[in-house]
Every structure is written in structure tokens, then in C-alpha cells.
Amino acid sequence: MADLKTNLKTVWNGSTKGNGNIEANYLDTKIAIPESSGGSGEGADPKELLVTSAAACYTMTLVAMLEARKLPVDQFTMDSEGTNSKEEGFKVIHYPHITLSANATEKEIRSVNRAFKAADKGCAVGNMLKKADAQIDIVGKVSVEEV
């Protein structure tokens, strides 16, 4: 595996009530301190970026696994949520929904359900978060396209 090198450029404007921008090769995102922490709230906050990173990693890992298994995926959507509490700490829940083509078999449906778990184990960002005591849960759903 090659060494990872990511270059970002961050520009911040103003005080805590200000906002900024982060740019990378394929990323151009406004950032800001959340209003609840005294900021302007006019951009993504660090927790949103963290959940976004976990969701992107899980998505790409799952898509690669589904493709490698040659599953007849018609559509893939996913919602993710992140929470941070004193009781549970930082927690991310991904809700992937895979729709298979109308001719999908029970074996293919079971394979998607196994892929949900395998992608969680294979996602590098999720694994780093787990090492930092974050909890990541996957609540997957598989449906078959109606004829």
C-alpha cells in the first residue's frame, strides 16, 4: 500500500464568528465553528467533516465489494448520522440501502447483507475512528426492484 499524502489548503476569515474554506484536489468546502459553540455556523463543522469522511470511505469500500461479487445493483443510497454524547461518546450510524435488479436471487441478497459487514471491517477511516473509541453501526437494507 502506498503512503498516503493529502494536501489541503485552509483559509480562515475573521474571528470565531468568521468562516473558512478548505480546498484539496477534488474538495472545496466552506467550514465554520458551529453556532452552538459560539461560531457563525456558516459552513461544515469538524464533526460533519468526520462523519462525511467515514461515510465516503464506507461507501467506496462497499461499492468495490459489491462490484467484486458481481451483484446486480440497481441503486445504492445511504444516509449517515453522527452523534456525540457523554454517555456513548462519538457514534456514527450508516444506513445503506441497496436495491437489486428484479431478477436478484436469495443468494445475492444474502451476499449484500454480508458485504454490509465486510465493508465496515474494510473501511480504513472507520477503523481509525474505532481505534479512537468511536462506535460505528451499520443498519443495512436490501430490496429488489419490482417488475
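## Topic: the side chain of Thr-29
Mapped onto the secondary structure, Thr-29 falls in strand E3 (residues 27–31). In contact with Thr-29, other than residues within four places in its own chain, are Gly-20, Asn-21, Ile-22, Ala-44 and Leu-49.

## Comments concerning the environment of Thr-52
Its location among the elements puts Thr-52 in helix H1 (residues 46–68). Through-space distance from the C-alpha of Thr-52 to that of Ser-15 is 25 Å; in sequence the pair is 37 residues apart.

## Considering the sheet that holds strand E2 (residues 19–24)
Spatial strand order, E1-E2-E3: three strands in an open sheet with antiparallel pairing. Looking at which strands have only one partner, the edges of the open sheet turn out to be strand E1 (9–13) and E3. For this sheet, the mean inter-axis angle between neighbouring strands, taken without regard to orientation, is 15°. As paired strands, E1 and E2 are joined by five bridges and run antiparallel to one another.

## What about the state of the cysteines?
Under the defined criterion, the tally for this structure stands at one disulfide. Here Cys-57 is linked by a disulfide to Cys-123, with a sulfur-sulfur distance of 2.5 Å. With Cys-57 in helix H1 and Cys-123 in the loop between helix H2 (106–122) and helix H3 (124–131), this pair connects stretches of sequence that are 66 residues apart. Exposure remark for Cys-57: the relative accessible area of 15% places this residue in the buried category.

## A few points about the environment of Ala-118
Turning to its location among the elements, Ala-118 is positioned in helix H2. When neighbours within four sequence positions are excluded, Ala-118 is seen to be in contact with Met-65 and Arg-69.

## Some points on the packing of H1 against H2
Contact geometry for H1 and H2: axes closest at 9 Å, N-to-C directions at 135°. Comparing their axes, H2 and H1 come out oblique. Of the two possible hands of crossing, H1 and H2 adopt the one that is right-handed. Between H1 and H2, the contacting residues are Tyr-58, Thr-61, Leu-62, Met-65 and Leu-66 on the first element and Val-112, Ala-115, Phe-116, Ala-118, Ala-119, Asp-120 and Gly-122 on the second. The residue makeup of the contact of H1 with H2, split by class, is nine nonpolar, two polar and one charged.

## Side note on H1
Here H1 contains 23 residues, and its C-alpha end-to-end distance of 33 Å stays within 8% of the 33 Å for a straight helix at 1.5 Å per residue. Among the residues of H1, those classed as buried are Val-51, Ala-54, Ala-55, Cys-57, Tyr-58, Thr-61, Leu-62 and Leu-66. Here the buried face of H1 lies against strand E4 (73–85), strand E5 (89–100), H2, H3 and strand E6 (135–138). N-capping of H1 is provided by Asp-45, with a side-chain oxygen placed 2.9 Å from the backbone N of Lys-47. Looking one or two residues beyond H1, the residue adopting positive phi is Lys-70, at roughly 55°.

Calculation notes
Residues numbered from 1 in each chain as written. Predicted model: local features only at pLDDT ≥ 70, side-chain atom pairs only at ≥ 80, totals over all residues. Heavy atoms only, no water. Helix = DSSP H or I, 4+ residues; strand = E, 2+ residues; numbered from the N terminus. Contact = heavy atoms within 4.5 Å. Pairing = 2+ DSSP bridges. Axes fitted to C-alpha atoms, helices over the stretch in contact; angles between N-to-C directions. Disulfide = S-S within 2.5 Å. Buried < 20%, exposed > 50% of the residue type's maximum accessible area, 1.4 Å probe, protein only. Parallel < 35°, antiparallel > 145°, perpendicular 65-115°, else oblique. Left-handed = near helix turned anticlockwise from the far one by under 90°. Nonpolar A, V, L, I, M, F, W, Y, C, P; charged D, E, K, R; others polar. Expected span 1.5 Å × (residues − 1). Polar contact = N/O pair within 3.5 Å; in protein donor to acceptor, adjacent residues only side chain to side chain.

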